[in-house]
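Residue strings, one per chain:
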Amino acid sequence: MSDNFNRYIQVGEWCFELKMVRALKVEEYGKPYSAIANCNINGDSMYIDGLVTKDGEEFTKDDFMTFHQFTEMLGLDNFSYHRYQDGRSVTREVKVRKTAQRKAQKKNIQTQDPEYIKLVQ
C-alpha cells in the first residue's frame, strides 16, 4: 500500500477519474458485508453518503480511521459524513491530517493495523 496514488488512469486519449467509490465492510470481498457506504469525491473533498450498518452495528473509531486513511491515500484534504446518532441527524466534517503530521504523532497511534502503521513510518 502506498501513501498516495493517482486518482485517474489514462488509456489512450481518455482519462478515467476516480469520482465515486462504494465501500463495503467485509473480511473478504464477495462475502456478506456488515456495512456499506457510497463515497463521492469532488476536488479535494470526499462525502460519505448512505453510510448504513447492518443490525444497528456502530460506526466505530476503527471504521472512522479506515476512511481517514483512505482519504489520505487519495491525497484529499477533508471528508464528511452523515449519521443518525441518538435519534438526531448529525453531519461531521473532518480535516485529513497529512503524513508528516502523523509521523510527529505516531507514538499516540492506538491501532495495531500493520498497514496503517507502515504509512506513518
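Residues numbered from 1 in each chain as written. Predicted model: local features only at pLDDT ≥ 70, side-chain atom pairs only at ≥ 80, totals over all residues. Heavy atoms only, no water.

A. Structural context of the sheet that holds strand 6 (residues 78–85). Judged by pairing direction, the sheet is mixed, and its 5 strands sit side by side in the order 3-4-5-6-7 without closing on themselves. Among the strands making up the open sheet, the edge pair consists of strand 3 (20–25) and strand 7 (88–95). Along the sheet, successive strands turn relative to each other by an average axial angle of 20°, direction set aside. Bridge count between strand 4 (residues 35–42) and strand 5 (residues 45–53): 7 bridges; the pairing is antiparallel. If you follow N38 over to strand 5, its bridge partner there is D49. (Pairing = 2+ DSSP bridges. Helix = DSSP H or I, 4+ residues; strand = E, 2+ residues; numbered from the N terminus. Axes fitted to C-alpha atoms, helices over the stretch in contact; angles between N-to-C directions.)

B. Structural context of the nonpolar core. By size, the foremost hydrophobic cluster in this structure holds 15 residues, and its most contacted members are M46, I48, F67, F79 and Y81. Listed by contribution, the elements that provide at least two residues to this core are strand 4, strand 5 and strand 6. Here F67 is in contact with A23, A37, C39, M46, I48, F59 and F79, once residues within four sequence places are set aside. (Core = buried A, V, L, I, M, F, W, Y, C linked by side-chain atoms within 4.5 Å. Buried < 20%, exposed > 50% of the residue type's maximum accessible area, 1.4 Å probe, protein only. Contact = heavy atoms within 4.5 Å.)

C. Quick peek at the pattern of salt bridges. The tally for this structure, following the rule as stated, stands at 2 salt bridges. Among the salt bridges present, the one from K25 reaches E57, with a minimum N-O distance of 3.0 Å. Of the two residues, K25 is situated in strand 3 and E57 in the loop between strand 5 and helix 1 (61–73); the sequence distance between them amounts to 32 residues. With relative accessibility at 32%, the residue K25 sits in the partly exposed group. You can call E57 partly exposed: its relative accessible area is 29%. In this structure, the salt-bridge partner of D63 is K25, at a minimum N-O distance of 2.9 Å. Here the residue D63 occupies a position in helix 1, and K25 occupies one in strand 3, the gap between them amounting to 38 residues. If you follow the salt bridges from partner to partner, you end up with K25, E57 and D63 in one network. (Salt bridge = Lys/Arg side-chain N within 4 Å of Asp/Glu carboxyl O.)

D. Examining the environment of V94 more closely. Topologically, V94 is positioned in strand 7. Under the relative-accessibility criterion, V94 is labelled buried at 13%. If sequence neighbours within four positions are ignored, V94 has contacts with F64, H68, D77, N78, F79 and Y81.

E. Expanded view of the packing of aromatic side chains. Taken as a whole, this structure holds 6 aromatic pairs when the rule is applied. Ring geometry for F59 against F67: centres 5.9 Å apart, planes inclined by 55°, an arrangement best described as tilted. For F67, a relative accessible area of 13% gives the class buried. These aromatic residues form a ring-pair network of at least three members: F59, F64, F67, F79 and Y81. (Phe/Tyr/Trp six-rings, centres within 6.5 Å; stacked < 30°, edge-to-face > 60°.)

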